[in-house]
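# Structural overview
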Amino acid sequence: MALSRGRLTDEVSVVAAGTTVGLCTVADNKKVYVKSIVAHNDAHTDTVFAHVYYTPTGHSVSKDNRLFQVAIAQSETVYIEPAYPIVLEATGDKLSIGCTFGSINVFVNGDRES
């Protein structure tokens, strides 16, 4: 199994309050290994909450598939680095992030099967 190492998002994703954005999705049953998520609160006035979701194929984002909820103070950056990578396996499996009270900038690092 060869891995393509590096970033899983091509650019910084902006997530506005009340929205959820898909960050990476499995294509052609090529596993995705999420090693870290970087999130920055660009609201500058309030603490925001970031919600990270693992959504298996055929499911939708809900509190039932939320992995993390992180409070991010104004103008702060947090790193979510699980001890072992989050593995997305089947075509259509997705990692998403939502935000409340402002907006966040997000970037994801990890590996993909090539």
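Check the entry above for the structure.
Residues numbered from 1 in each chain as written. Predicted model: local features only at pLDDT ≥ 70, side-chain atom pairs only at ≥ 80, totals over all residues. Heavy atoms only, no water.

## A short note on unusual backbone geometry
Going by this rule: Counting from the N terminus, the helices are the DSSP runs of H or I reaching at least four residues and the strands are the DSSP runs of E reaching at least two.
In this model, Ser75 sits at a positive phi of 60°, which is unusual for a non-glycine residue. By the element assignment, Ser75 lies in the loop between strand E6 (66-72) and strand E7 (77-80). Even without being a glycine, Phe101 presents a positive backbone phi close to 60°. Mapped onto the elements of the fold, Phe101 is located in the loop between strand E9 (94-100) and strand E10 (103-113).

## A word on the pairing of strand E2 (residues 13-16)
Rules: We call a residue buried when its accessible area falls under 20% of the maximum for its residue type, exposed when it is over 50%, and partly exposed in between, using a 1.4 Å probe and counting protein chains only. Strands pair, by our definition, only if DSSP identifies at least two bridges between them.
Of the two faces of E2, only the one carrying Ser13 and Val15 is buried; Val14 and Ala16 on the other face are not. Strand direction decides the pairing type here: E2 and E10, joined by four bridges, are antiparallel. Paired with Val14 across the bridge in E10 is Asn105.

## Brief notes about the sheet that holds E6
Inclusion rule: Fitted lines through C-alpha atoms serve as axes, helices being fitted only where they are in contact, and the angles separating the N-to-C directions of these axes extend from 0 to 180 degrees.
Across the sheet, which stays open at both edges, the four strands sit in the order E3-E9-E5-E6 with antiparallel pairing between neighbours. Among the strands making up the open sheet, the edge pair consists of strand E3 (20-25) and E6. Each strand of the sheet is rotated relative to its neighbour by a mean of 20°, with strand direction disregarded. Where E3 lies against E9, five bridges are found, and the strand directions are antiparallel. Its bridge partner being in E9, Gly22 is matched across the sheet by Ser96.

## Thoughts on the side chain of Thr55
What counts, and what does not: Contacts between residues were defined by any pair of non-hydrogen atoms, one from each residue, lying within 4.5 Å.
When you line up the elements, Thr55 lands in strand E5 (residues 48-55). Excluding anything up to four places from it in sequence, Thr55 contacts Ser60, Val61, Asn65, Gly92, Asp93, Lys94 and Ser96.

## Thoughts on the nonpolar core
Note the cut-off: By nonpolar core we mean a set of buried residues, namely Ala, Val, Leu, Ile, Met, Phe, Trp, Tyr and Cys, connected to one another through side-chain atoms within 4.5 Å.
Judged by nonpolar contacts, the single largest core of 24 residues is most densely connected at Val34, Ile37, Ile72, Leu88, Ile97, Ile104 and Val106. Every element with two or more residues in this core is listed here: E3, strand E4 (32-41), E5, E6, E7, strand E8 (86-88), E9 and E10. Among the elements that line this core, the one with the most residues is E4, at four residues. Beyond its immediate sequence surroundings of up to four residues, Ile104 is in contact with Ser13, Val14, Val15, His40, Asn41, Asp42, Val48, Ala50, Ile72, Ile97, Gly98 and Cys99.

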